[in-house]
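Now for the letters of each chain:
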Amino acid sequence: MTKNVAGELADLELPVERDCPFAPPAAYERLREQAPISKVRLTSGGEAWWVSGHEEARAVLADGRFSSDKRKDGFPLFTLDAATLRQFRSQPPLMLGMDGAEHSAARRPVIGEFTMKRLAGLRPRIQDIVDHFIDDMLAADQRPIDLVQALSLAVPSLVICELLGVPYSDHDFFQSRTTMMVRRNSLEDRQRALAELRAFIDDLITRKESEPGDDLFGRQITRQRQEGALDHAGLVSLAFLLLTAGHETTANMISLGVVGLLSHPAQLALITADPGRTPMAVEELLRYFTIADGVTSRVATDDVEIGGVSIKAGEGVIVSMLSANWDPAAFKDPADLDVERGARHHLAFGFGPHQCLGQNLARMELQIVFDTLFRRIPTLRLDASAEDLPFKTDAVIYGVHELPVTW
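The notes below deal with the structure included here. A quick note: this is a predicted structure, and the numbers were derived from the prediction, not measured. (Residues numbered from 1 in each chain as written. Predicted model: local features only at pLDDT ≥ 70, side-chain atom pairs only at ≥ 80, totals over all residues. Heavy atoms only, no water.)

A look at the overall build of the protein
Across its full length, the protein holds 16 helices and 11 strands. For 407 residues, the compact-globule formula gives about 22 Å, and the C-alpha radius of gyration of the protein, at 21 Å, lands near that figure. In the protein, 71% of the contacts between residues at least 6 apart in sequence involve partners at least 24 apart. Taken as a whole, the protein presents about 17,200 Å² of accessible surface, with 50% of it coming from carbon and sulfur. (Helix = DSSP H or I, 4+ residues; strand = E, 2+ residues; numbered from the N terminus. Rg over C-alpha atoms; globule rule 2.2 N^0.38 Å. Contact = heavy atoms within 4.5 Å. Areas by Shrake-Rupley, 256 points an atom, 1.4 Å probe, with all protein chains shown as cover.)

Next comes the structure, spelled out in structure tokens:
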């Protein structure tokens, strides 16, 4: 990479694959050191501002002059073909694509579902779910076992189904469609998966409107009727977001967290000796892997100066949360996995008004899984070298396709 300064087009084309499964691409560090806000080229042929410093990333994500609405001109999509633009602009926006008052109005009614107080009531059930799937692992006749299928996907899928009131018998369907949507495969495959998943969710909400139960969507339907207006399209949009985001990210973090801890036995020993350290370990693992990199995009709605760089109205901005979470200005020796770091200021869940709605649930699931797994199977080990695992270099959400373990 040649020397770059803010405003010049950097010698970097997005997306970039990781050089090492345990670190950001080397180009990220070089670019962050040269200019934490730089112009980069997208594979689609467009250009956008690339924000890679921790301080600059927080500034962008907290500034209301950057819009999350993918339908706006200038929004940086990696694929800018006409079909993709029509797809985004023809669908009601997800909560992630709303701004200002519209976003607050959509988020406010459901935020109470994810408070620590409400989630504390779910802890015993999540513990039962984790124990159930580990029981099945221990009872299996053969090893190695693929932890992705046996635990990583199974736990968050069942948890989100019960929380939202989705029949668990449908989890294979929405899981397979979600996986197809986050892979960088053909546009046709992604559009088909999207259409099938939206149709499934539309039917799910229709059925729940007939018989609302004591679950998140049932409570939303009851509340809306009491307020006098049932918003079917809004409920479908909410269900789509929660169902797809509610298991894919947590599942990948379970797998990567296990890989990270097994690859750093001294760090693992700290949490097995004292489970009180596990919450800090979860934060460090979230920072270390930052599985949703480059998905936090914005478009400026006004001229804005960030970090001494002038970004013009209509220009796209992509925040690299992975680069920001490895910024040595914010995290000393970021390449070291340190479960005692206390990395709560990481950006793995985003920052500002769009910070992940389900982050408390994800943290709880990760803590319960790690504590229970390593307590009940203390001799757990990888059945392949970590470097040879099939990492998801073809997906928007980072993880592993398979994770063979034995004990």
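Observations concerning the nonpolar core
The biggest cluster of nonpolar side chains holds 102 residues, and the ones touching the most others in it are L373 and L403. By residue number, the principal contributor to this core is helix 12 (residues 232–262), which donates 16 residues. Among the nonpolar cores identified, the runner-up in size contains 17 residues, and W49, A57, A300 and I306 belong to it. (Core = buried A, V, L, I, M, F, W, Y, C linked by side-chain atoms within 4.5 Å. Buried < 20%, exposed > 50% of the residue type's maximum accessible area, 1.4 Å probe, protein only.)

Remarks on the packing of aromatic side chains
Applying the stated criterion across every chain, the model contains seven aromatic pairs. For the pair F22 and F289, a centre-to-centre distance of 6.2 Å together with 55° between the ring planes defines the contact as tilted. Linking F22 in the loop between strand 1 (9–14) and helix 1 (26–34) with F289 in helix 14 (residues 278–289), this pair joins segments that are 267 residues apart in sequence. For F22, a relative accessible area of 10% gives the class buried. On the numbers, 5.8 Å between centres and 15° between planes, the contact of F391 with Y398 is stacked. For the pair F391 and Y398, a shared accessibility class is recorded, and that class is buried. Put simply, the rings of F22, Y288, F289, W326, F391 and Y398 touch in pairs and so form one group of aromatic residues. Sitting over the ring of W326, R287 keeps its end group 5.8 Å from the ring centre. (Phe/Tyr/Trp six-rings, centres within 6.5 Å; stacked < 30°, edge-to-face > 60°. Lys NZ or Arg CZ within 6 Å of the ring centre and 35° of its normal.)

Topic: the sheet that holds strand 10 (residues 381–382)
One open sheet accounts for three strands, arranged 5-11-10; its pairing is antiparallel. Of all strands in the sheet, those with a lone pairing partner are strand 5 (145–146) and strand 10, marking the two edges. Pairing of strand 5 with strand 11 (residues 404–406) involves two bridges; the strand directions are antiparallel. Note that in strand 11 the partner of I145 across the bridge is V405. (Pairing = 2+ DSSP bridges.)

Considering the environment of A281
Note on placement: A281 falls in helix 14. Using a relative accessible area of 1% as the deciding quantity, one classes A281 as buried. As a C-alpha pair, A281 and F370 span 89 residues in sequence and 9.6 Å in three-dimensional space. Other than its neighbours up to four places away in sequence, A281 contacts I271 and V339.

A word on the environment of L216
Relative to the helices and strands, L216 resides in helix 11 (residues 216–227). Looking at L216, the relative accessible area reads 0%, which means it is buried. If we skip the residues at most four places from it in the chain, L216 touches E113, F114, L163, L164, L238 and L242.

Some details on the pattern of salt bridges
Taken as a whole and judged by the stated rule, the model has 20 salt bridges. The closest approach of N and O atoms between D327 and R32, which form a salt bridge, is 4.0 Å. Remark: R32 occurs in helix 1 and D327 occurs in the loop between helix 15 (321–325) and helix 16 (359–376); sequence separation between them is 295 residues. According to the relative accessible area criterion, D327 is buried, its value standing at 10%. Residue classification places R32 among the buried residues on the basis of a relative accessible area of 9%. When the shortest N-O distance is used, the salt bridge between E248 and K392 registers 3.6 Å. Of this pair, E248 sits in helix 12 while K392 is found in the loop between strand 10 and strand 11, placing the two residues 144 residues apart along the sequence. Among the charged side chains, a salt-bridge network with shared partners connects E113, R118, D214 and R219. (Salt bridge = Lys/Arg side-chain N within 4 Å of Asp/Glu carboxyl O.)

Distances and angles like these do not, on their own, reveal function.
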